Amino acid sequence: MNKTTTQLHSVQNITSAFAIEALKAAFNEAQRIGINISVAVVDLSLNLVAFSRGDGATPHSAETSRRKANTAASTGKATGWMEKELAQTLPMASGNILTNIPGGVPLRFSGVLGGGLGIAGGTIEQDNAVAQATLVAIGADTI
């Protein structure tokens, strides 16, 4: 057996072209429901692949959207699932790059995790609704 096949593994990350499609879908849904949002898409290494702060979105929504995307990509779960104690300590333990605020979803395609999507700017219910609608619009696995 080749030594590199036992010591390395491959990772499938979302492409930049598809991340841009996710941004477009998220902004379309946000416009439909009348909110101003920021959208972040990260890969499995939590590298920012695509981001946009929409016109009128609050300044802090930019960072919040990224933290939601990071958490969804890192855990493979939609944000909002953590118990209170973990939800408070995880941001501190991770240097504040993760959050439990709803509106982050993993980007899975046919069961394969490829990154995370974070929506911020509306209420947590609105952010979550935009995230879910974006998954449907881009053909990702829904939660």
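Read on for an overview of the structure. Per chain, residues are indexed from 1 in the order of the written sequence. Only residues with pLDDT of 70 or above have their local features reported here, since the model is predicted, and side-chain atom pairs are shown and tallied only from 80 upward, although totals for entire chains, interfaces and linings are computed over all residues. Calculated side-chain values reflect all of the structure's heavy atoms, with hydrogen atoms and water omitted.

## A word on the overall build of the protein chain
Note the threshold: Think of it this way: any DSSP run of H or I at least four residues long counts as a helix, any run of E at least two long counts as a strand, and we number them from the N terminus. Only C-alpha atoms enter the radius of gyration; for comparison, a globular chain is expected to reach 2.2 Å times N to the power 0.38, where N is the number of residues. Relative accessibility thresholds used throughout: buried, under 20% of the residue-type maximum; exposed, over 50%; partly exposed, between the two (1.4 Å probe, protein chains only). Between two residues, a contact is recorded if the distance between any of their heavy atoms is within 4.5 Å. In this tally Asp and Glu are treated as negative and Lys and Arg as positive; neither His nor the chain ends contributes. Taken as the charge centre is NZ of Lys, CZ of Arg, CG of Asp or CD of Glu, depending on the residue.
Counting secondary structure elements, the protein chain contains 5 helices and 4 strands. The helix and strand sequence of the protein chain, counted from the amino end, reads α-α-β-β-α-α-β-β-α. A compact globule built from 143 residues should have a C-alpha radius of gyration of about 15 Å, and the protein chain, at 15 Å, falls within 12% of that. For the C-alpha atoms alone, the extent of the protein chain along its principal axes is close to 55 × 35 × 25 Å. Per-residue burial over the protein chain gives 41% buried out of 143 residues. Taking the contacts inside the protein chain whose residues are at least 6 apart along the sequence as the reference set, 62% of them involve residues at least 24 apart. Both charge centroids of the protein chain, one from 10 positive and one from 10 negative side chains, sit 5 Å from each other.

## Here's the deal with the pairing of strand β3 (residues 104-109)
The line we're drawing: Strands pair, by our definition, only if DSSP identifies at least two bridges between them.
Direction of pairing for β3 relative to strand β4 (residues 112-120): antiparallel, over a ladder of 6 bridges. If you follow P106 over to β4, its bridge partner there is G116. Connecting the antiparallel pair β3 and β4 is a turn made up of 2 residues, with S110 showing a positive phi of about 50°.

## Thoughts on the packing of helix α2 (residues 16-33) against helix α5 (residues 124-138)
Spelled out, the test is: Angles shown run from 0 to 180 degrees and are taken between the N-to-C directions of axes, each axis being a line fitted to C-alpha atoms and, for helices, limited to the stretch in contact. Roughly parallel refers to an angle under 35 degrees, roughly antiparallel to one over 145, roughly perpendicular to one between 65 and 115, and oblique to any angle outside these ranges. Crossing chirality is assigned from the near helix's rotation relative to the far helix, an anticlockwise turn below a right angle marking it left-handed and a clockwise turn marking it right-handed.
As a packed pair, α2 and α5 sit with axes 8 Å apart at the nearest point and diverge in direction by 130°. When the axis of α2 is compared with that of α5, the two are oblique. Pair α2 / α5 crosses with right-handed handedness. Contacts between α2 and α5 involve F18, E21, A22, A25, A26, E29, A30 and I33 from the former and Q126, V130, A133, T134, A137 and I138 from the latter.

## Digging into unusual backbone geometry
Its identity as a non-glycine residue notwithstanding, L46 has a phi of 70°, on the positive side. Tracing the backbone shows L46 in the loop between β1 (38-42) and β2 (48-53). For S110, which is not glycine, the phi torsion reads 50° and is therefore positive. Mapping S110 onto the fold places it in the loop between β3 and β4.

## Details of the pattern of salt bridges
Note the threshold: One speaks of a salt bridge when a side-chain nitrogen belonging to Lys or Arg is within 4 Å of a carboxyl oxygen belonging to Asp or Glu.
This structure, assessed with the given rule, holds 4 salt bridges. Here K24 ties to E21 by a salt bridge, and the two come within 3.6 Å at their closest N and O atoms. Linking K24 with E21, this pair stays in helix α2, spanning 3 residues, or about one helical turn. You can call E21 partly exposed: its relative accessible area is 39%.

## Description of the packing of aromatic side chains
Counted only if it meets this: Two rings from Phe, Tyr or Trp (for Trp, the six-membered ring) form a pair when their centres are within 6.5 Å of each other. A pair whose planes differ by under 30 degrees is stacked, one over 60 is edge-to-face, and the rest are tilted. Counted as over-ring charges are cases with an Arg CZ or a Lys NZ within 6 Å of the ring centre that also lie within 35 degrees of the ring normal.
Scanning all chains against the criterion turns up 1 aromatic pair. Sitting over the face of the ring of W81, K77 holds its NZ or CZ atom 3.9 Å from the ring centroid.

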